[in-house]
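# Structural overview for review
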Amino acid sequence: MQLPLRPELFWDVDINTLDEQTHKNYIIQQVFNYGEISEFNAIMHYYNRDTIKNAICKAGYLDPKTLAFVLTFFNLHKNQLLCCTRNQSHPTHWNS
């Protein structure tokens, strides 16, 4: 991978096997959830806005701060994001 991203963002895979195009959704999601501002800027310059927005919409998980940010930054609604619309496989035992 040629993007200037920290290997720590990809602790669960072999970074040497990552390809910027083949694994773009994974790379974008990891940077949005765990990256620093310099990594965010690198992603924004490397991929086009629609590619990034599409990857974010397909994300299985976004932490609460990232979720709030992407909703505003990309002018999205929660019902457009997979992480907000899919059903939990193990729902909670009490109502919140």
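Refer to the structure printed above.
In short, a report on the structure. (Residues numbered from 1 in each chain as written. Predicted model: local features only at pLDDT ≥ 70, side-chain atom pairs only at ≥ 80, totals over all residues. Heavy atoms only, no water.)

## Quick notes on the nonpolar core
Residues Phe32, Ile43, Ile56 and Leu81 are the most contacted members of the largest nonpolar core, which totals 24 residues. Listed by contribution, the elements that provide at least two residues to this core are helix H1 (24-34), helix H2 (37-46), helix H3 (49-57) and helix H4 (64-73). (Core = buried A, V, L, I, M, F, W, Y, C linked by side-chain atoms within 4.5 Å. Buried < 20%, exposed > 50% of the residue type's maximum accessible area, 1.4 Å probe, protein only. Helix = DSSP H or I, 4+ residues; strand = E, 2+ residues; numbered from the N terminus.)

## Remarks on the packing of aromatic side chains
Tallied over the full model, the rule gives ten aromatic pairs. Between Phe10 and Tyr26, the aromatic rings sit 5.7 Å apart at their centres with planes inclined by 50°, giving tilted as the arrangement. Here Phe10 is found in the segment before H1, whereas its partner Tyr26 is found in helix H1, with 16 residues between them in sequence. For Tyr26, a relative accessible area of 21% gives the class partly exposed. Clustering of aromatic rings is evident, with ring pairs tying together Phe32, Phe40, Phe69, Phe73 and Phe74. (Phe/Tyr/Trp six-rings, centres within 6.5 Å; stacked < 30°, edge-to-face > 60°.)

## Some thoughts on a nonpolar patch on the surface
A cluster of nonpolar side chains, namely Trp11, Tyr34 and Tyr61, defines an oily patch on the protein surface of about 390 Å² accessible area. Relative to the assigned elements, Trp11 resides in the segment before H1. We classify Trp11 as exposed; its relative accessible area is 56%. (Patch = residues over 30% accessible without salt bridge, like charges linked within 9 Å, V, L, I, M, F, W, Y side chains within 5 Å. Areas by Shrake-Rupley, 256 points an atom, 1.4 Å probe, with all protein chains shown as cover. Salt bridge = Lys/Arg side-chain N within 4 Å of Asp/Glu carboxyl O.)

## Focus: the environment of Thr66
Structurally, Thr66 is set in helix H4. Sequence separation between Thr66 and Tyr34 is 32 residues; the distance between their C-alpha atoms is 9.1 Å.

## As for the packing of H1 against H2
The geometry of H1 relative to H2 is characterised by a closest axis approach of 9 Å and an angle of 150° between their N-to-C directions. With respect to the hand of their crossing, H1 and H2 are arranged in left-handed fashion. For the pair H1 and H2, the contacting residues are Ile27, Ile28, Val31 and Phe32 in the first and Glu39, Phe40, Ile43 and Met44 in the second. By residue class, the composition of the contact of H1 with H2 is seven nonpolar, no polar and one charged. (Axes fitted to C-alpha atoms, helices over the stretch in contact; angles between N-to-C directions. Left-handed = near helix turned anticlockwise from the far one by under 90°. Contact = heavy atoms within 4.5 Å. Nonpolar A, V, L, I, M, F, W, Y, C, P; charged D, E, K, R; others polar.)

## Observations concerning H4
Within H4, the full set of buried residues consists of Thr66, Leu67, Val70 and Leu71. Buried residues of H4, seen end-on, are gathered within an arc of 130° and therefore sit on one face of the element. In H4, the exposed residues that point more than 90 degrees away from the buried face are Pro64, Lys65 and Thr72. Summarising the contacts, the buried residues of H4 are in contact with H1, H3 and helix H5 (82-85). After H4 finishes, the residue Asn75 shows a positive phi value of roughly 55°. (Arc of directions from axis to C-beta.)

## What to know about H2
Within the sequence span of H2, burial applies to Glu39, Phe40, Ala42 and Ile43. Buried residues in H2, looked at end-on, bunch into an arc of 160°, giving them a common side. Across H2 from its buried face, at more than 90 degrees, point the exposed residues Ile37 and His45. Lining the buried residues of H2 we find H1, H3 and H4.

Coordinates in, geometry out; function isn't part of it.
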